[in-house]
Amino acid sequence: MDEVVKLRVRNIEKSFPGVKALDNINFSVRKGTVHVLCGENGAGKSTLMKIINGIYKADAGEILIDGKVVEVQDPIKARSLGISMIFQELNYIPEMTVEESLFVGNWPKNRYGNVDWGAIRRNTIVLLNREGLDYSPETKLKDLTVSDIQMLEILKAISWNSDIIIMDEPTSAITQKEVEVLFKKINELKSRGACIIYISHKMDEIFKIADEITVFRDGCVIDSRPKEQYDMETVISQMVGRKLENNFPKEEVEIGNTLLEVKNLTNKGNFNEISFHVREGEIIGFAGLMGAGRTEIMRSLFGLDEYQSGEIIIKGEKVSIKTVKDCINKKVVMLSEDRRRYGIVPVRSVRENVSLSSLKKFIYRGRLHAKEENAVIEDYCKKMRVKTPTVETSIESLSGGNQQKVILAKWMVTDPDVLILDEPTRGIDVGAKYEIYVLMMELAKQKKGIIMVSSELPELIGMCDRIYVISKGKVAGELMRSDFSQEEIMKLATKTS
Ligand SMILES: Nc1ncnc2c1ncn2[C@@H]1O[C@H](COP(=O)(O)OP(=O)(O)OP(=O)(O)O)[C@@H](O)[C@H]1O
Ligand SMILES: [Mg+2]
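All figures in this text were calculated on a predicted structure; none of them were measured in a lab.

Definitions and cut-offs
Residues numbered from 1 in each chain as written. Chains lettered and ligands numbered in written order. Predicted model: local features only at pLDDT ≥ 70, side-chain atom pairs only at ≥ 80, totals over all residues. Heavy atoms only, no water. Near = heavy atom within 4 Å. Polar contact = N/O pair within 3.5 Å; in protein donor to acceptor, adjacent residues only side chain to side chain. Areas by Shrake-Rupley, 256 points an atom, 1.4 Å probe, with all protein chains shown as cover. Helix = DSSP H or I, 4+ residues; strand = E, 2+ residues; numbered from the N terminus. Domains from an automatic or database assignment. Contact = heavy atoms within 4.5 Å. Buried area = accessible area lost by both parts, 1.4 Å probe. Salt bridge = Lys/Arg side-chain N within 4 Å of Asp/Glu carboxyl O.

Some remarks on the site of ligand 1
Here is step 1 of the chain: Around ligand 1, the surrounding shell holds 19 residues, and the nearest of these are G42, K45, T47, Q88 and S399.
Here is step 2 of the chain: Between ligand 1 and the protein, one listed contact pairs an oxygen atom with a backbone N or O atom of G44 at 2.9 Å.
Here is step 3 of the chain: Residue K45 places a side-chain N or O atom 2.8 Å away from an oxygen atom belonging to ligand 1.
Here is step 4 of the chain: For ligand 1, the protein covers 91% of the area, taking 640 Å² as the surface of the free molecule.
Here is step 5 of the chain: Where the shell around ligand 1 is concerned, the elements lending two or more residues are β2 (19–30), α1 (45–52) and α15 (400–413).
Here is step 6 of the chain: No other element matches the 3 residues that α1 contributes to the shell around ligand 1.

Some points on the domain arrangement of the chain
Here is step 1 of the chain: Looking at the assigned domains, one finds that the chain contains domain 1 (2–96 + 140–240) and domain 2 (258–493).
Here is step 2 of the chain: Taking the mean C-alpha position of each, domain 1 and domain 2 sit 30 Å from one another.
Here is step 3 of the chain: On the domain 2 side, the residues contacting the 26 residues of domain 1 number 22 residues.
Here is step 4 of the chain: Together domain 1 and domain 2 conceal approximately 1800 Å² of surface at their shared face, both sides included; 50% is due to carbon and sulfur atoms.
Here is step 5 of the chain: If you sort the residues of domain 1 by the area they bury against domain 2, N41, E89 and V146 come out on top, with a joint share of 30%.
Here is step 6 of the chain: Linking domain 1 with domain 2 are 1 salt bridge.
Here is step 7 of the chain: K387 is paired through a salt bridge with D218; the nearest N and O atoms lie 3.9 Å apart.

Written as structure tokens, this is what we have:
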């Protein structure tokens, strides 16, 4: 069996200040297969991938390709060895254009040795047409949606003809249709003998795409088997190290006054005549297919985008929201789906990121009360099980899912009246999802209103009191908890008129 092994890692060790990220890691990936890595947030998955891709250097251990030990000093060397990687954190340069982003680091040259822009344009158009992506080569990345950028990253990695392709949560931000395109691509890659290392927190997806599954926990490999010898329950219990009650901590909460009401909100081309409200103690959901306009509605409400007509009423008062600050001043806050763009201040510490929006709370008589600040922040980090050596650690060094938890903590500390959560559990492991639901419930009990936008129907159904279903920029229907069902929501979400 060994002759089909394409990539092997042997005794890999990696420590960061205060954390042993990887402890004696061994595993191998066979030609023409998809090898899925599972594990809680912070288990070490991305770290291992970054070592294979030459971004980090292992403290010890070896990487073997086709049975030979290789040195992967940097991503350029990785590429020459046939390795490419799609990163978990979308790390793009907003001013870059689509064509620049596709060819950066790999510029075609003309016979004078200059960058051949004509060739770049032609190749980009061919590639975009082939993949049915309808954006222009000159579009700047900042004008694309998260899912467009993610799709572009996927294309880029695939277009390099690598035979080891690492995909670190590639589907966290793309539409269902794009997921199907990706899976088709993966099958093509497999049939030409490439191997794919695939990281995801989505269990159904894992079982659809995997040939083999390896489970990580706390920097160690717990188990590795062909998919046929696994089931979902086993994977989950190996990941979290305990049996998980896989349900939702939903409780009855007394519903109070209306906190926020939106009437006929319209932003032409994105959504039309949207009306909804949320009351004290209520969790309302926004369901819909990706691209239906849910994020756009929340962006306008939060002052990130404009709206042409409609009313926003907060606690009975008609307000005009032009900027994010207007909204935060009215005690309405939002957790954005694109955490890179709107969520974190990268070089700052966990503590600074959490307290940034609520500094006022900890300043009185002109002094910052660091002790109280720390106590509150540590409390939230503990509640959400944020895995970080200390609160002074830079947020960038946290795993993807843990960064998401820090942003959530940041908004909770501001003590808002209404929280808008756009895909709050994206990239969050199964165990920590539950902790986030518990926190949402706690907030509801404190008479706060919660708006949850989610693409995961089970969590909407599990946690919400009411669900608005958005289709093509309109409210296609509103469902009460007693009437929730996946079928009914999907029927409304795919309604065409
Ligand atoms: N550059 C870094 N500096 C310091 N610590 C780091 C760095 N990168 C990762 N770590 C730490 O190493 C551990 C493993 O992180 P890693 O990103 O590999 O987790 P992961 O399994 O990919 O999690 P997730 O599912 O949240 O993406 C975490 O404790 C993380 O905080
Ligand atoms: Mg990761």
